[in-house]
Each structure stands twice: as C-alpha cells, then as structure tokens.
Amino acid sequence: MSALDAMYQQLILEHAKSRSGADLTADEATSMPDQPGVGQCHQLNPVCGDEITLRLELEAAGSQSTVKGIHWHGDGCAISMASASILSELSEGASPDELGEMIGHFRELMRSRGRLEPDDEILGDAAALAGVAKYPARVKCAMLAWVAAEDALRQAVATGR
Amino acid sequence: MVMVSTSATAATQVALSDVEVLRIRNDFPVLDQEVNGRPLVYLDSGATSQNPRSVLEAEQEFYELRNAAVHRGAHHLAVQATDAFEDARATVAGFVGAAEDELVWTANATAGLNLLAYSFSNASVGTVRGDAARFALGPGDEVVVTEMEHHANLIPWQELCRRTGATLKFIPIDDDGALRLEEAARLITERTRILAFTHASNVLGTINPVAELVALARAAGALVVLDACQSVPHLPLDFKALDVDFAVFSGHKMLAPTGIGGVYGRRELLNAMPPFLTGGSMITTVTMEKAEYLPAPQRFEAGTQPISQAVALAAAANYLHETGMERVAGWEASLGQRLVTGLSAIDGIRVVGPAAGVERLGLAAFDVAGVHAHDVGQYLDSVGIAVRVGHHCAQPLHRRLGLTATTRASTYLYNTTEEVDLLLEAVAQVRPYFGVAGSGASK
Ligand SMILES: Cc1ncc(COP(=O)(O)O)c(C=O)c1O
C-alpha cells in the first residue's frame, strides 16, 4: 500500500462522506449553548480554511457522567471531516477520563511521524488515521476536531458540576 | 531548409518554444529531481519561483568577493559592495521602467505595501510638515481596492482606514473574474484618495485594465498603487508607461531569492512622503531632538539592506530580459490556455476566472467537485506535481466565488506543455481516486 493509500483508507473516505455527528446547524454553531454539562468550541486552520464547531454534551450515568454525544458543523478536507466523524462515534458513552485519554493518545500518535503504532483498544476506528502521521502538513487536519473536543469537554465538565 | 509559414514564424518570435524551454530548464538545478519516484513537476511559481544558476552564482560571488556594508566606510570592499548594490538598483529599475532613484528596496511586496500605507498613515497624524500633508487621510476620505486582492493589498489599507477614519471601498468582480468597470466608475469619486489594485490576479489569472483604472483615478485626483507582484515576473511592463504613482513587486516570484522586493514611486511623491522605518542610513543631520531625511530611495531604506539579494535580483532581471519578456509572456499565455481548456474538459472541474480563449496569466485555480483542495494537492504531490492549495491569501475573493479553497497550478518560463499535460492527466484521476466520480457538486 502506498503512503497515500495508507492515509486515504476506504474507511476514512467513507467517514469523510457519511460524516457522523455532522448535524449541528449553522445557527447552533454560531450561538454558545448556555446549559450545564455542555461545551462548544470552534477551531479553524487558517492555512487551508478547514473549520469546525463542535458541541459536546455530557449526561449523568449514576454517580458518574458520560458523553451523550458530539455534534459538529464543519467544512474541510477528507482527513479533517473523517476525523470528526470517527471521533463523534467513538466518544459516545465514554467517561470524561476515557475521552481525555483517547485524545491524548491520538495526539501522541499524530505527532509521532509514523513511529508509534496506534492502540486499537483505545482508538477504535481512529487507528485508521495513523497514516496521516507521515504527512506533517496534514496532522493539523486530523487534530482539528480533537482539539475542539478537548476544549468542549473541559467546559462541559466544568459546568456539569 | 525547413519551410515555415509566416504566421508560425511570427508566433515563434513572440513566444518561447518547447525546445527553448527544455534548454532553459537546464539552468534551474532544483527542477532536476524526483519527488515520490516521479520527476518533479513544479507548478507553484505563482507562490514562489525557482532560481537559475546565474542568480545563485551572483549571490555567492557577491559574498566571495565583495561583501561589506554599503553607503558607509571608504574601504575597498565597501566601495565594491556599494557599487554592486547600486548597479543592481539601476538594472532592476531599468527592467520595470523606473528611474534609479524611484526604486526603493523592500523585503517583498507585502513590505512595500505596508511602507506606503504607513507612510500615508504617518502623514495623517500629529504635526505633519510641508509637502507630506498632501498624503494625509481622514474621515470622509476613501480608499478603493478590488474584490480580487491578495490580503497583502487589502489589510494594509483596512488598517490605514481604521487608523485615519477613512473609508475602504471595493470594486466587485463579475462571474468571469473581471473587474466591473461600471462599478469602478461609480465608486471612484472626488472622495477617493487612493486606488490600490492588482495588475494581475494570483487566483483568477485575470489581467486588469490598468489604463482604464488609472484614467478613473486621475479624473478623481486619486493616487494609484499597483500590486505588480504577478505581473513583473510574467509580463513585459513599464511602470512609467502604465502611468501609475506607485507599484510593488517581490523578487522571489521572478527567479530571485527571498528577502528582496521593490517599491516604485514617482520621484516627487517619494520625496514628499514621510518615512516609514527610521534609523541609520536614511538621514542627513541628526540632533537629540530631531532628524532630517535623505531623499528617496535612501529615505525609505533604514538599516542594513538585503545587499546580496538585491544583487541576485538584478541577475534575475537580466536573465528574464535576455530571455525576452514578450516571449516569456507569450509562452505562459499558451500554457494558461492549455490549462483552462484541459481542466474545463474534465468532469467535475470548475476553473475560476476568465473562460478559455480569454486573456489570462499562465495559471489556473480550480475546484474539484466533491474533493477538498487539500486532498487534491495531496494526490498530485503523490505523483510528483507541486501545486498550491487553499485560499491563496484571497479569502474575500474565494467567498465571492462561493468556495473556501481552490487548487492552483501556476507556470513559469521553465514549464513545458508536457508538464501541463501531466497535471491534466493526474487531475482527471482525482475524483475516481476519492470515489466521488459521477456525484454532484462539492460540499
Ligand atoms: C498578487 C499578489 N500580491 C502580493 C503578494 C505578496 O507577496 P509577498 O508574499 O512576496 O510579499 C502576492 C504573493 O503571493 C501576490 O500574488
């Protein structure tokens, strides 16, 4: 498999088209939600214009809380859109700590220039994005949604208490 | 003897031929390499161009034989360096149709536009002495730009207007990427103090009608600033003949190294303008209270200048002059047409700017339905083709076109028709590769 094919795997291209969680409306994306347990973050890559507004909602599960869902509004390349789609599916039902760990591991993977092997247990479908790490110029594309999710999670946890 | 028709003879005189281009390529060491196992196809000269050996050697020779600070000190090397620096100015001034003292060195076009905007800004505040008052802007005054500007010829004017209270207006474009001249005639009024526009668009490839716009500005008494970043490298031109007041360009887009560019200004204007950067090398008398300034160009060249870069830029101007700008422009015009015609024939490709058959630079920016420009660029890179993707520092223009990003292939005198055809072949593979062939519009 060429490096290009390794980056643009079928799974990635499918996510780029189906875009799970890409159902936040443009109106919702421009207004900050004012509810406890909800966080929202806008990220822009000024180099290529890729853009995402991501909303993360927590729900109570017993004494703990878990991610109820990630919904986003965005526009960008196949990598950034697929990455947001995968993240949206992965995060559902995760505890804040689990999501934080996922984000941390994904960031390390992306920064590894291809030296790290993805941990499928932690990353699930996001492991398919490992090929991006060989293209430093594209790492930001892959990270866009994850950076937004990290900030939205922080807000949601802070207001959820 | 080979028989050629008279029209073919005329054509070979006005444009380079594929054979000559192959010879020219030998002068550019960087072009001779493989990328991802394929010969490099460099189609990003609109962003930055490559350097011929003569330019690289001129810079190296300067450092090996003549390096010293210029305009100070009387030792042998200082004299040599000063001569080389000022000879370079004369060469480049001659290349763009300016007098020597009407060419100010800057780092690049962006620095040149900021020099102008900040000088006008300085003329607008505090106690402005003498002639400088004529450049002062304030509430009620207007600056007019166009919808197709590079951010470099937009943001400095936005900021100037913000600082002075003047109003910024823009001439819109039509769907074919041409300026709407009837709107220009309406927008340029006696309130207009500055008309700043690009000679040629780095995205659309449109070549703007300078004479018409200058006439409108003259009638309104406005100063004309020309962004010649995409024209000086690619078209034969003469700033005096174009009758603009100011013009800017960048060396790195015309076969020279980075770090050097120029501002042309009419002598009487430059000498009346307040300086922008101040400090050493631009003064006559300095007391603890105030300073008197040298006339242009030194007036605008505070601090140690990019000397070897200026020398290299002169070598680049010589290279272009010897090749012949008419012939360079003719060649690139044919490559530009080949790009538009070829790209437009591919399913799902929308080329922005002038239609096939209409004058344009040797570049084409395009949208690929269903595939983001970033992914298009990545695919092309995988087969050795270098293009630019993104908004090309023209966000308002892209917004007007209903796009966030495009892919741009831009040629120069060293690109062959074969390279354009390689691009066309590769672009035709993009939608099938990303599995969107046959589907509708992008997004
Ligand atoms: C039309 C135009 N104006 C201005 C610039 C800015 O040039 P530089 O970045 O060299 O200052 C560019 C370069 O992209 C350009 O194409």
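The structure displayed is predicted, hence computed values, not measured ones. (Residues numbered from 1 in each chain as written. Chains lettered and ligands numbered in written order. Predicted model: local features only at pLDDT ≥ 70, side-chain atom pairs only at ≥ 80, totals over all residues. Heavy atoms only, no water.)

Caption draft 1: Inspection of empty space enclosed by the protein at higher detail. Residue and element names in this part refer to chain B. Taken as a whole and assessed by the stated rule, the structure comprises two cavities of 30 Å³ or more. Put simply, the largest cavity is a space of about 90 Å³. Ala69, Val70, His71, Arg72, Phe85, Ser281, Gln298, Glu301, Gly303, Thr304, Gln305 and Ile307 together form the lining of the largest cavity. Of the residues contributing to the lining of the largest cavity, the split by class is four nonpolar, six polar and two charged. (1 Å grid on protein atoms, 1.4 Å probe; cavity = no way out; pocket = protein on both sides within 12 Å on 5 of 7 lines; lining within 4 Å. Points joined across faces, edges and corners; volume = space filled by probe spheres on them. Nonpolar A, V, L, I, M, F, W, Y, C, P; charged D, E, K, R; others polar.)

Caption draft 2: Representation of the interface of chain A and chain B in the model. Taken together, the 19 residues of chain A in the interface contact 14 residues of chain B. Three residues stand out in chain A for area buried against chain B, namely Leu4, Cys48 and Asp75 of chain A, and they jointly supply 33% of the buried area on that side. Our enumeration of links across chain A and chain B arrives at one salt bridge. Of the charged contacts in the structure, one is a salt bridge between Arg138 of chain A and Asp375 of chain B, with a shortest N-O distance of 2.8 Å. (Contact = heavy atoms within 4.5 Å. Buried area = accessible area lost by both parts, 1.4 Å probe. Salt bridge = Lys/Arg side-chain N within 4 Å of Asp/Glu carboxyl O.)

Caption draft 3: Representation of the packing of helix 4 (residues 78-91) of chain A against helix 7 (residues 136-160) of chain A within the structure. Residues and elements named next belong to chain A. Two numbers describe how helix 4 lies on helix 7: the axes approach to 8 Å, and their chain directions differ by 35 degrees. Crossing angle aside, the handedness with which helix 4 passes helix 7 is right-handed. Seen from helix 4, the contacting residues are Ile79, Ser80, Ser83, Ala84, Leu87 and Leu90; seen from helix 7, they are Arg138, Cys141, Ala142, Leu144, Ala145, Trp146 and Ala149. When the residues that make up the contact of helix 4 with helix 7 are grouped by side-chain class, the tally is 10 nonpolar, two polar and one charged. (Axes fitted to C-alpha atoms, helices over the stretch in contact; angles between N-to-C directions. Helix = DSSP H or I, 4+ residues; strand = E, 2+ residues; numbered from the N terminus. Left-handed = near helix turned anticlockwise from the far one by under 90°.)

Caption draft 4: Region of interest: the site of the ligand. All names here are of chain B. Surveying the vicinity of the ligand reveals 13 residues, the closest of which are Thr110, Asp227, Ser250, His252 and Lys253. Between Thr110 and the ligand, the recorded distance is 2.5 Å, taken from a side-chain N or O atom to an oxygen atom. The side chain of Asp227 places a nitrogen or oxygen atom 2.5 Å from a nitrogen atom of the ligand. Contact with the protein chains covers 90% of the free accessible surface of the ligand, which is 390 Å². Across the shell around the ligand, the residue classes break down as three nonpolar, eight polar and two charged. (Near = heavy atom within 4 Å. Polar contact = N/O pair within 3.5 Å; in protein donor to acceptor, adjacent residues only side chain to side chain. Areas by Shrake-Rupley, 256 points an atom, 1.4 Å probe, with all protein chains shown as cover.)

Caption draft 5: Broad picture of the pattern of salt bridges. Using the criterion set out here, one finds 27 salt bridges over all chains in the structure. A salt bridge links Glu150 of chain A to Arg107 of chain A, with the nearest nitrogen and oxygen atoms 2.8 Å apart. A residue pair is termed long-range when its members are at least 10 positions apart, and Glu150 of chain A in helix 7 and Arg107 of chain A in helix 5 (residues 96-110) qualify at 43 residues. Residue class for Arg107 of chain A comes out buried when judged on its relative accessible area of 18%. The salt bridge involving Arg400 of chain B is made with Asp175 of chain B; its shortest N-O contact spans 2.9 Å. Of the two residues, Arg400 of chain B is situated in helix 14 (residues 395-401) and Asp175 of chain B in the loop between strand 6 (167-171) and helix 7 (181-187); the sequence distance between them amounts to 225 residues. Judged by its relative accessible area of 28%, Arg400 of chain B is partly exposed. Exposure remark for Asp175 of chain B: the relative accessible area of 66% places this residue in the exposed category. (Buried < 20%, exposed > 50% of the residue type's maximum accessible area, 1.4 Å probe, protein only.)

Caption draft 6: How the structure looks around the layout of surface pockets. All names here are of chain B. Approximately 470 Å³ is the volume attributed to the largest pocket. The wall of the largest pocket is formed by 23 residues, among which Pro39, Leu40, Val41, Glu419 and Leu422 lie closest to the centre. Going through the elements one at a time, helix 2 (18-25), strand 2 (38-39) and helix 15 (417-433) are the ones with two or more residues in the lining of the largest pocket. Considering each element in turn, the lining of the largest pocket owes the most residues, six residues, to helix 15. Each residue belonging to the lining of the largest pocket can be placed in one class, and the counts come to 12 nonpolar, four polar and seven charged.

Shape is all these values report; function is a separate question.
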